[in-house]
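# Residue-level structure breakdown
Letter by letter, the chains look like this.
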Amino acid sequence: MRARRAAAFLAGLALGLAAAAAAPAQELSVSLAGGVFSPSSSAYRGIYGSGAVLAGDVWLKLHGPVGLAVGFSRLSDKGFAVAGDGGQETYPLEFRRTSVPVVAFYQIKVGPAALRLGAGVGLHSYRETWTTADLEYKGHKAAPRLMLAAAVKVAGRLSIFGQACCESIRTGRGTSLDVNVNVGGVQVLGGLSFRIF
């Protein structure tokens, strides 16, 4: 049932995006940003803390205030797991998450600034590696995504860019600390945006 709902949601989103993409574009820009990721899961926070994120997005604003954004981001984290039997042994871990977000947004102009409120879906691929124990956990998930972005023009086609995103990415796998580990959370990014036309 859950898989059917996810498939229906993705199919509806794809149809909406295809219809919107058929409309003529008013503005096209690209952004590059880096920042921090704050996980929502206490189990994740206990092992990794906060992580570093790099992201790039293509922003296509249609006639009127509505637009589409497609991006790519990479999250990298390192941490340690402690032996569950109360021993002193620790295991170094590495976590990588690659995401492809597809978001519809509404843009509001305020002087030289453009505010964008958006919602859509993120397609995620994640991998956790136990570097000294020859263990690996990986998977793929689609999850709803909420986004707030702002671009402030500084010169010509160049703008300072900021973005905050929130996602809940439940893996369906658990630990003694969390029965359904969530590798999502909030990420806050800053960088530059360049308007192509």
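A brief look at the structure comes next. (Residues numbered from 1 in each chain as written. Predicted model: local features only at pLDDT ≥ 70, side-chain atom pairs only at ≥ 80, totals over all residues. Heavy atoms only, no water.)

### Observations concerning a positive patch on the surface
There is a patch of like positive charges on the surface, built from K109, K153, R157 and R195. Of note, R157 is situated in the loop between strand 6 (135-155) and strand 7 (158-167). Here R157 falls in the partly exposed class, since its relative accessible area comes to 38%. (Patch = residues over 30% accessible without salt bridge, like charges linked within 9 Å, V, L, I, M, F, W, Y side chains within 5 Å. Areas by Shrake-Rupley, 256 points an atom, 1.4 Å probe, with all protein chains shown as cover. Salt bridge = Lys/Arg side-chain N within 4 Å of Asp/Glu carboxyl O. Lys, Arg positive; Asp, Glu negative; His and termini not counted. Charge placed at Lys NZ, Arg CZ, Asp CG, Glu CD. Helix = DSSP H or I, 4+ residues; strand = E, 2+ residues; numbered from the N terminus. Buried < 20%, exposed > 50% of the residue type's maximum accessible area, 1.4 Å probe, protein only.)

### Here we look at the pattern of salt bridges
One pass over the structure, following the stated rule, counts four salt bridges. For E94, the salt bridge is made with R96, and the minimal N-O distance between the two is 3.9 Å. Under the relative-accessibility criterion, E94 is labelled partly exposed at 28%. Given a relative accessible area of 25%, R96 falls into the partly exposed group. When the shortest N-O distance is used, the salt bridge between E167 and R145 registers 3.0 Å. Placement of the pair is E167 in strand 7 and R145 in strand 6, with a sequence separation of 22 residues. Both residues of the pair, E167 and R145, count as buried.

### Here we look at the environment of R170
Structurally, R170 is set in the loop between strand 7 and strand 8 (185-195). A sequence separation of 27 residues divides R170 from A143, and the C-alpha atoms of the two residues are 8.3 Å apart.

### Topic: the nonpolar core
Within the largest apolar cluster, 26 residues are counted, with the highest numbers of intra-cluster contacts made by Y44, W59, L75, F95, M147, F161 and V183. Of all the elements in the fold, those that place two or more residues in this core are strand 1 (25-39), helix 2 (42-48), strand 2 (51-62), strand 3 (66-82), strand 4 (90-110), strand 5 (113-130), strand 6 and strand 7. (Core = buried A, V, L, I, M, F, W, Y, C linked by side-chain atoms within 4.5 Å.)

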